[in-house]
Amino acid sequence: MTHINAGAELDPVHPVPLPPSGRAVGLTAAEVAERVARGEVNDVPVRSSRSTVDIVRANVFTRFNAIIGVLWLIMLFVAPIQDSLFGFVILANTGIGIVQEWRAKKTLDSLAVIGEARPRVRRDGVTAEVGTSEIVLGDLIEIGPGDKIVVDGACVETDSLEVDESLLTGEADPVVKQPGDQVMSGSFVVAGGGAFTATKVGRAAYAAQLAEEASRFTLVQSELRSGISTILKYVTWMMIPTAIGLVVSQLFVKNNDFKDSVARTVGGIVPMVPEGLVLLTSVAFAIGVIRLGRQQCLVQELPAIEGLARVDTVCLDKTGTLTEGGMDVTELRPLDGADESYVRKVLGALGESDPRPNASLRAIIDAYPDGDDTWRCTASLPFSSARKYSGASFSESSEGDGVSSTWLLGAPDVLLADGDPALTETERLNEEGLRVLLLVRAERDLDAEDVTQEARPVALVVLEQRLRPDAADTLRYFEEQDVRAKVVSGDNAVSVGAVAGKLGLTGEVVDARRLPAERPEMADALDAGTVFGRVTPQQKRDMVGALQSKGHTVAMTGDGVNDVLALKDADIGVSMGSGSEATRAVAQIVLLNNSFATLPSVVAEGRRVIGNITRVATLFLVKTVYSVLLAILVVCWQVEYPFLPRHLTLLSTLTIGVPAFFLALAPNKERARPDFVRRVMRYAVPGGVVAAVATFVTYLIARHYYTGPGSLDAETSAATLTLFLISMWVLAIIARPYTWWRLGLVASMGLCFVLVLMVPGLQHFFALKLVGAAMPWLAVGIAAVAAAALEFLWKWVDRRPPV
């Protein structure tokens, strides 16, 4: 099938005529086929990842690959193959990067299909779920609480339909929709239900471009990657004048053999490029995605892995996060002598009046499934997180000539005035961790603004919430990792506090209705409290902003439509896979297995990635600093550059390339800290300076010690020994704290270098042969002094606070 247009529109004035029954039947199968043939389909691709072409392009066509590629081609013509090894390393690195990102792409794509929204479309009078891309122009789409509106349309049916358009307009108040009103893609339903006709599909829809961009797998917009880009920019500016000076020095000043001069010039330029750093970051992120994918965790925006590593405060919604979605009615308590059998009829009728019941009402339906057939619902008010209650009006006769009554079901402390005797019993039940709903008979019309006034309490409905078996362990993990957990719920504060207490979470319990409205005061109250009840959706959003204003990095979990605004504003939004379409759409991380216990794995993965990249970045940048400084010293002293490309390829492989790969994938629980560039450079600059100075001192002494034919090779070998030993000491420091495999890694790299020095074939291949005993031992002594200086400098840096 070929889509012949990028988007399509339909006149929204009278999109679907109603049949005599009053219920629209939607398009026929023939009409759907006709629209598909015309390309009037919702053809905006739901992309969870970069295309394969984009992955190859991003890994191959880089600034430093271009520099290395040109130098490699030169070396292939003017020097032995040993001096061109660095080019083959780059090819291998690029290949590894492409393969790992492609694997991550396949993982993300498969998970995205599992988590994809499937709107309900009515065709030929029958409702069925279809993929978002299967919607055609003119389709009749049914919507209910929590549903995301995926295309633009015009309402045909509404039943107390309230739509939140805040993600598009910034206005937080839900908009009541009537038949004929427009709905926009990117908004979501907060209450009620209905159906609308698709009037704009594909790229013509209002939020299509935004949605497509938001769902893309990306490696940008993270502090880690932007920090690396900043470092590479500075490296480029340092390289240009240094390389020019080195070229002039080696080719024109010393009048050496042309090919040897070119080889040593390239040998000075190549190690300035921290080419493996970008690759290793991409690989670490990609492997993180694959690891989390195996645990049914969909990372919709890749920097979310990094973001969770920086989180110091996690806001948890109680329902669906600490507790399972289902509830059970444990007790019904009639008040003021109310007839229990009559109350059961009322509750059964309320259950039947809501086509999309929430978890509380579903429990009531399960407990009182048989509504009275003689009752007829004349009006209904769906539950809203802002109101904290739902309601319905009935005629207690199927013909409509019976007694009329209006009922509300919701939070006792919202429906009753302070001091009401029923609140005392409610408070006691809440302290036991039970959820309590109050049934009241209203004296005013259901659509009246003061419908709760003078309402008469009739019964308390006691619900027991099912605690997630893994919630306590997860909260304990956050405490151990120095991440503060805040429970933010719309339920009664005392009840929420009791649930949190059962899970081992202690602290001040706060009724959010008493929170100050001003951000600074609210932030102080949030720092002091742990459990917050009776929180409205707008308050959740304000609380996230208040915490962020105090410098906290905030993660927000949730699965209900009332969590959408807070999830969007949080640094990291985490949604359950069973949550509403709206929450899944705005969250950066979706737990497809609905397991709160997966969250520690996500945090651990983020800490592993960013902590390890910070470590290995120091390795790469120490090399860059000593390479630039060595080149400057060579230019100033007007001597031959001490190394050929083969020497630095060997050193880089043993002290950086191979160890960095293992260290980047090792476990790391350290919480990420800000200022990546400053922290890395605080260690890389003194480390690089010490390595360069010590190596150059060895080289100058060796130039005076060795004379005659072959002296340059002997001088290079002595300088290489010093540089290798210092680089190994840098690796040994970076690898701390030691474990058996870290010690084995460092030791094996050292043994590989010893093997090169001992095996004649490898000596010849890498042009390394230590001559005599005095100079090699002096090189070892200079390296030991440099290692001691390095230990002192880095400990001094550790003690100094970051600037």
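Structure: see above.
Remember, predicted model here, so these are calculated numbers, not experimental data. Per chain, the residues get numbers from 1 upward, laid out in the order the sequence is written. Given that the model is predicted, a residue must reach a pLDDT of at least 70 before its local features are reported, and side-chain atom pairs must reach 80 or more before they are shown or counted; all residues, however, enter totals for whole chains, interfaces and linings. Calculated side-chain values reflect all of the structure's heavy atoms, with hydrogen atoms and water omitted.

1. Overview of the overall build of the chain
Part 1: The helix and strand tally for the chain stands at 27 helices and 22 strands.
Part 2: For the chain, buried positions account for 57% of its 803 residues.
Part 3: Here a residue-residue contact requires only that any non-hydrogen atoms of the pair lie within 4.5 Å. Taking contacts inside the chain between residues at least 6 apart in sequence as the whole, the part at least 24 apart equals 73%.
Part 4: Counting every atom, the chain has about 32,900 Å² of accessible surface; 58% of that belongs to carbon and sulfur. Counting from the N terminus, the helices are DSSP H or I runs at least four residues long and the strands are E runs at least two residues long. With a 1.4 Å probe rolled over the protein chains alone, any residue whose accessible area is under 20% of its type maximum counts as buried; one over 50% counts as exposed, and the rest are partly exposed. Each accessible area value is a Shrake-Rupley result obtained with a 1.4 Å probe; residue values ignore everything except the protein chains displayed when judging cover.

2. Concerning the side chain of R120
Part 1: The residue R120 is located in strand 2 (residues 120-123) in this model.
Part 2: Judged by relative accessible area, R120 falls into the buried class, the value being 19%.

3. Observations concerning unusual backbone geometry
Part 1: Cis peptide bonds are those with omega within 30 degrees of zero, and the linkage from R736 to P737 qualifies with -5°.
Part 2: Positionally, P737 belongs in the loop between helix 24 (711-734) and helix 25 (740-758).
Part 3: Positive phi, close to 65°, is recorded for E454, a residue that is not glycine.
Part 4: With respect to the helices and strands, E454 occurs in the loop between strand 15 (435-442) and strand 16 (456-467).

4. What about the packing of aromatic side chains?
Part 1: Aromatic rings from Phe, Tyr and Trp, with only the six-membered ring used for Trp, were paired whenever their centres fell within 6.5 Å, and each pair was classed as stacked if the ring planes differed by under 30 degrees, edge-to-face if by over 60, and tilted otherwise. The full count for this structure, using the stated rule, is 13 aromatic pairs.
Part 2: Judged by centre distance (5.9 Å) and plane angle (65°), the rings of Y477 and F478 are edge-to-face. As far as burial versus exposure is concerned, Y477 and F478 are alike and both buried.
Part 3: Ring geometry for F724 against F753: centres 3.8 Å apart, planes inclined by 10°, an arrangement best described as stacked. Placement of the pair is F724 in helix 24 and F753 in helix 25, with a sequence separation of 29 residues. Side by side, F724 and F753 carry an identical accessibility label, which is buried.
Part 4: Taken together through their ring pairs, the aromatic side chains of Y342, W375, F394 and W407 make up a single cluster.

5. Comments concerning the packing of helix 21 (residues 599-637) against helix 24
Part 1: Convention adopted: a line fitted to C-alpha atoms gives each axis, helices being fitted over their contacting stretch, and angles between N-to-C directions are expressed from 0 to 180 degrees. Following both chains from N to C, one finds helix 21 and helix 24 inclined at 155°, their axes separated by 10 Å at the closest point. Taken together, the axes of helix 21 and helix 24 are roughly antiparallel relative to one another. Along this stretch, helix 21 crosses helix 24, giving a crossing that reads as right-handed. The segment helix 21 lies against helix 24, with R615, T618, L619, V622 and Y626 engaging L723, S727, V730, L731 and I734.
Part 2: Residue polarity is assigned by list, with Asp, Glu, Lys and Arg as charged and Ala, Val, Leu, Ile, Met, Phe, Trp, Tyr, Cys and Pro as nonpolar; anything else, Gly included, falls into the polar class. A breakdown of the residues in the contact of helix 21 with helix 24 according to their chemical character gives 7 nonpolar, 2 polar and 1 charged. When an angle is under 35 degrees it counts as roughly parallel; over 145 it counts as roughly antiparallel; between 65 and 115 it counts as roughly perpendicular; any other value is oblique. Crossings are classed by handedness, with left-handed meaning an anticlockwise turn of the near helix from the far one by less than a right angle and right-handed meaning a clockwise turn.

6. Some points on the sheet that holds strand 20 (residues 554-558)
Part 1: By the convention used here, strands pair only if DSSP detects at least 2 bridges between them. If you walk across this open sheet you meet the 8 strands as 9-22-21-20-10-17-19-18, and the pairing is mixed. Of all strands in the sheet, those bounded by a partner on one side alone are strand 9 (297-299) and strand 18 (508-511). Averaged over all neighbouring strand pairs, the angle between strand axes comes to 20°, with direction disregarded.
Part 2: Relative to strand 22 (residues 589-591), strand 21 (residues 572-576) is paired through 3 bridges, and the arrangement is parallel. Within the sheet, the bridge partner assigned to S575 lies in strand 22 and is V590.

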